[in-house]
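Residues per chain, in single letters:
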Amino acid sequence: MSLFDQKKHMMVLFCSPNSHGSTRMLLDSFMGEFKDRGDWQVSETNVYELNAHPCTGCRACAKKEKCTYDDLDKFDKELRKCDLLVVASPVYNDSFPSPMKAVLDRSQRYFEARFSLGVRQPVKKHRDAVLLLTMGQEEDFPVEVTAHQLQRAFSVMNTTLRGCAVWDGTDLGRKNLGPAQQKARALALEILGDM
């Protein structure tokens, strides 16, 4: 086994069209705790560049453990090997931006594997997940919506949502940034302490 294989794998899903905005700032606060550690390999996927085909409900995945579309095959491979999944996203209309919603909808392949094909554990390796959210308003509802959507998908992906850090009120400037960064760092340290 090579040294590379011994590293823990973190998969980051970056869900903002703005590569240097609020979502990046919150993600950087979380990632800062991993920065100088040599035992983590990080891969980041920009879901806007992923350009996931929407689920068409064709039910091909109910007949065979794969999707009709192969555009998320690399994503699936990365997911299956990662130890930590980080979803960093702004909130659009109380939910995820549409590219991330397309990725979540395509998790239907894991539901069908479990419930139509009887595969007890469609994704064998367990991982923890973290949700990092930025949003203009100061409300709890979008946090509940996005966390619920992830937990539904994660229920058949052998993934546990460990926690969430939220930078809300971004429309008001940076007044809530400090507490959000502290929460993101605390979440990172908690994860590192357990792994």
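Residues numbered from 1 in each chain as written. Predicted model: local features only at pLDDT ≥ 70, side-chain atom pairs only at ≥ 80, totals over all residues. Heavy atoms only, no water.

(A) Geometry of the overall build of the protein. Broken down by element type, the protein carries eight helices and five strands. If you list the helices and strands of the protein from N to C, you get α-β-α-β-α-α-β-α-α-β-α-β-α. A compact globule built from 195 residues should have a C-alpha radius of gyration of about 16 Å, and the protein, at 17 Å, falls within 12% of that. Once the C-alpha set of the protein is aligned to its principal axes, its extents read approximately 50 × 45 × 25 Å. Across the 195 residues that make up the protein, the buried fraction comes to 48%. Of all intrachain contacts in the protein linking residues separated by at least 6 positions in sequence, the fraction that spans at least 24 positions is 81%. (Helix = DSSP H or I, 4+ residues; strand = E, 2+ residues; numbered from the N terminus. Rg over C-alpha atoms; globule rule 2.2 N^0.38 Å. Buried < 20%, exposed > 50% of the residue type's maximum accessible area, 1.4 Å probe, protein only. Contact = heavy atoms within 4.5 Å.)

(B) Just helix H5 (residues 98-105), in detail. Every buried residue of H5 is listed here: Pro99, Met100, Ala102, Val103 and Leu104. Close packing links the buried residues of H5 with strand S1 (8-14), helix H3 (47-50), helix H4 (73-81), strand S3 (84-90), helix H6 (108-115) and helix H7 (141-154).

(C) Spatial organisation of the pattern of salt bridges. If you walk through the whole model with that rule in mind, you get 12 salt bridges. In this structure, Arg80 and Asp76 form a salt bridge, with 2.9 Å as the shortest nitrogen-oxygen distance. Of this pair, Arg80 and Asp76 both sit in helix H4, four residues apart, which is roughly one turn of that helix. Where Arg162 meets Glu190, a salt bridge forms, and the shortest distance between an N and an O atom there is 3.0 Å. Of this pair, Arg162 sits in strand S5 (residues 159-167) while Glu190 sits in helix H8 (residues 177-194), and the two are 28 residues apart along the sequence. (Salt bridge = Lys/Arg side-chain N within 4 Å of Asp/Glu carboxyl O.)

(D) Focus on the pairing of strand S2 (residues 40-46). Bridge count between S1 and S2: seven bridges; the pairing is parallel. Its bridge partner being in S2, Val12 is matched across the sheet by Glu44. Crossover handedness for the path S1 to helix H2 (residues 22-31) to S2: right-handed. (Pairing = 2+ DSSP bridges. Right-handed = clockwise from strand over helix to strand, strands pointing away.)

(E) Quick look at the sheet that holds S5. Across the sheet, which stays open at both edges, the five strands sit in the order S2-S1-S3-S4-S5 with parallel pairing between neighbours. Whereas interior strands pair on both sides, the edge strands pair on one side only; in this sheet they are S2 and S5. Strand-to-strand twist of the sheet, defined as the mean angle between neighbouring strand axes without regard to direction, takes the value 15°. Sheet strands touched by H8: S2, S3, strand S4 (127-134) and S5. Its angle to S5, the strand with the most contacts, is close to 155°. (Axes fitted to C-alpha atoms, helices over the stretch in contact; angles between N-to-C directions.)

(F) Quick peek at the packing of aromatic side chains. By the definition in use, this model includes two aromatic pairs. Between Phe30 and Phe34, the ring centres sit 5.3 Å apart and the planes meet at 40°, which makes this aromatic pair tilted. A relative accessible area of 5% places Phe34 in the buried class. Arranged with centres 5.2 Å apart and planes meeting at 85°, the rings of Phe34 and Trp40 form a pair that is edge-to-face. Judged by relative accessible area, Trp40 falls into the buried class, the value being 6%. Each residue in the set Phe30, Phe34 and Trp40 is aromatic and connected to the rest through ring pairs, giving one cluster. (Phe/Tyr/Trp six-rings, centres within 6.5 Å; stacked < 30°, edge-to-face > 60°.)

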